[in-house]
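Close look at the chain arrangement
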Amino acid sequence: MGKLATIDVALDEMLVNLAAIVLRLSKPEVTRTPEARHALAQSVHQYAVCAARSTDPRVHELKSQLEETLKPDLRIVAINGVKVS
């Protein structure tokens, strides 16, 4: 294995480990404040930038999982015009 391939594998492993950390930090009990949500969004964006150059499918799957954490939870507020509590 060449030096560049060795570096690529090491970087992919680092990205997998980083994603695991960011996923743990993305839990609702950790990201309660707007500042924490903003920091999470920045971390996910930076991860996506780094992951774009990776060829490791794990990195791309984790990128998708991280991006999902930024989507707001949807909830039903009305059914047929009747407010649901």
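Summary of the structure given here. (Residues numbered from 1 in each chain as written. Predicted model: local features only at pLDDT ≥ 70, side-chain atom pairs only at ≥ 80, totals over all residues. Heavy atoms only, no water.)

**What to know about the pattern of salt bridges**
Stated precisely, the cut-off is as follows: Definition used for salt bridges: Asp or Glu carboxyl oxygen within 4 Å of a side-chain nitrogen of Lys or Arg. Throughout, exposure labels follow a simple rule: accessible area from a 1.4 Å probe, protein chains only, divided by the maximum for the residue type, with under 20% read as buried, over 50% as exposed, and the rest as partly exposed.
Applying the stated rule across the entire model yields four salt bridges. Notably, a salt bridge pairs arginine 58 with aspartate 56, separated by 2.7 Å at the nearest N-O pair. For arginine 58, a relative accessible area of 37% translates into the label partly exposed. Given the relative accessible area of 12%, aspartate 56 is considered buried. Here the salt bridges do not stand alone but share partners, grouping Glu13, Asp56 and Arg58 into one network.

**A word on the side chain of threonine 31**
Note the following rule: Helix and strand labels come from DSSP, where a helix needs a run of H or I of at least four residues and a strand needs a run of E of at least two; each type is numbered from the N terminus. Any pair of residues with heavy atoms lying within 4.5 Å of one another is described as a contacting pair.
Inspection of the secondary structure puts threonine 31 in the loop between α1 (3-25) and α2 (34-51). For threonine 31, a relative accessible area of 8% corresponds to the buried category. Excluding anything up to four places from it in sequence, threonine 31 contacts Leu25, Ser26, Ala36, Arg37 and Leu40.

These values are about where atoms sit, not about what they do.
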